[in-house]
Amino acid sequence: MVDASYRYKIGDIEVAVLTDGFRMVPVDDKYLRNASAADLAGALAAAGLPTDKMKNTYAPIVLTTGGKRVLFDTGNGEAAAKQSNGERGTLNQNLAAAGIDRKAIDVVVISHFHADHVNGLLLADNSRAFPNAEIKVPEVEWKFWMDDGEMNRASPGRMTELFANNRRVFDALGRKVTVYAWDQEVAPGVTALGTPGHCIGHTSYRVSSGGKQLYVQSDVCNNFAVFAPHPDWQGFFDQDPPAAAATRRRVYDQLAADKTPVQAYHFPFPALSRIEKQGNGYRVVPISAA
Ligand SMILES: [Zn+2]
């Protein structure tokens with residue numbers, strides 16, 4: 001499915017929101033660590049969503065800033081497009097439909113090392129999807145996932161699979177990356193912010209230009225109907241679940257207070273929203289312009 005793009009501006013910086021498709025996720029007792037499938041179904045029903053399955057969507061963005069085209073996260077990759085019959089892994093098709101040549105991407109910034117964010121660095125034949133781009137990765141993520149001791153200590157299953165996948169992807173790139181630190185600029189007008197928990201090196205970004213701001217949250221909150229009203233619920237995918245919940249509350253308290261628009265990787269396209277406080281949690285309000 002080709003959805004092209006959604007564009008808006010933050011001062012002089014253009015934001016193009018793309019899509020990498022979706023995955024249907026079962027509503028079961030494995031999804032949340034500290035709440036049941038019935039609780040999960042209740043949260044979905046409260047938002048008017050189907051309660052048998054959830055749709056997880058992917059929304060990478062391209063910023064045009066300081067004359068550079070900067071892609072934030074890369075989706076599931078073209079190999080996943082073949083495996084899923086085009087449900088996901090469609091970023092490159094959507095970039096082309098939006099008139100953005102992937103060979104003209106100058107910088108790729110990775111927020112964290114999960115497969116739906118890094119696998120798109122490669123084409124199905126394991127060659128580079130963005131052959132002319134500098135690949136920037138968070139220092140904490142890079143150190144953790146490339147550390148052989150951490151890999152050997154990892155619990156079997158999801159964590160060992162993630163280590164193997166990250167080695168596969170970055171070895172194919174010759175491990176040629178630029179490591180960036182939190183609280184530093186990763187592109188003109190874009191500052192990296194440490195938002196650990198989902199991964200220990202999970203990173204978000206503040207985009208500032210012309211007195212305007214945008215918060216690019218990455219995966220601070222996954223499904224908007226589940227984790228915004230219930231910020232203390234812990235997803236199976238969080239590496240440090242209490243830290244992920246604490247980060248969610250810290251970031252959303254701030255975004256609710258200062259009304260900064262937020263661009264989210266896993267919210268429904270185009271995934272641009274504001275955050276409001278509601279009860280003991282938050283409400284995600286989709287907006288059409290920042
Ligand atoms: Zn993700």
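Just so you know, these numbers come straight off a predicted model, no measurement behind them.

Student: Sorry, what's going on with helix 1 (residues 37-46) here?
Tutor: One turn of the α-helix equals 3.6 residues, which is why residues spaced by three or four share an orientation. Listed as buried for helix 1 are Ala37, Leu40, Ala41, Ala43 and Leu44. The buried residues of helix 1 all sit within an arc of 160° when viewed along its axis, so they share a single face. Turned more than 90 degrees off the buried face of helix 1, the exposed positions are Ala38 and Ala46. As for helix 1, its buried residues are in contact with strand 4 (53-57) and helix 8 (224-227). For helix 1, the capping residue at the N-terminal end is Ser36, with a side-chain oxygen 3.3 Å from the backbone nitrogen of Ala38. Just past helix 1, the residue Gly48 takes up positive phi, approximately 75°.

Student: I keep staring at the coordination of the zinc ion and nothing clicks. Help me out?
Tutor: Around a metal, the perfect tetrahedron of four donors has angles of 109.5 degrees, and the perfect octahedron of six donors has angles of 90 or 180 degrees. Around the zinc ion, the protein contributes the donor atoms Asp116 (OD), His117 (NE2), Asp219 (OD) and His266 (NE2), at 2.1 to 2.6 Å from the metal centre. One can describe the donor arrangement at the zinc ion as irregular, given that its four donor atoms subtend angles of 85 to 172° at the metal. Along the chain, the residues donating to the zinc ion fall in the pattern D-H-x101-D-x46-H. His117 matches Asp116 in its accessibility class, with the two residues each being buried.

Student: Help me understand the environment of Leu44, please; the structure alone is not making it clear to me.
Tutor: For Leu44, the location among the structural elements is in helix 1. Accessibility expressed as a relative area gives 1% for Leu44, which makes it buried. Note: C-alpha distance between Leu44 and Gln184 (140 residues apart in sequence) is 37 Å. Ignoring sequence-local partners within four residues, the contact set of Leu44 consists of Val27, Leu49, Pro50, Thr51, Met54, Asn223 and Val226.

Rules behind the numbers
Residue numbers run consecutively from 1 along every chain, following the written order of its sequence. In keeping with the predicted nature of the model, local features appear solely for residues at pLDDT of at least 70, side-chain atom pairs appear and are counted solely at 80 or more, and the whole-chain, interface and lining totals rest on all residues. Note: side-chain values were computed over all heavy atoms of the structure, leaving out hydrogens and water. Buried means the residue's accessible area, taken with a 1.4 Å probe over protein chains only, is under 20% of the maximum for its type, while exposed means over 50%, and partly exposed covers the values in between. Secondary structure elements follow DSSP: runs of H or I no shorter than four residues count as helices, runs of E no shorter than two count as strands, and numbering proceeds from the N terminus. In this description, one arc is meant: the one made by directions from the helix axis to the C-beta atoms. Contact definition: two residues touch when any of their heavy atoms are within 4.5 Å. Polar contact criterion, stated in full: a pair of N or O atoms within 3.5 Å, where within protein one must be able to donate a hydrogen and the other to accept it, and residues adjacent in sequence count only if both atoms are side-chain atoms. Donor atoms: N, O and S within 2.8 Å of the metal, or within 3.2 Å for Na, K and Ca. Because water is excluded, sites can look incomplete. The rule is simple: four donors are tetrahedral if all their angles sit between 85 and 135 degrees, four are square planar and six octahedral if opposite donors span more than 155 degrees and the others lie between 65 and 115, and anything that fits none of that is irregular.

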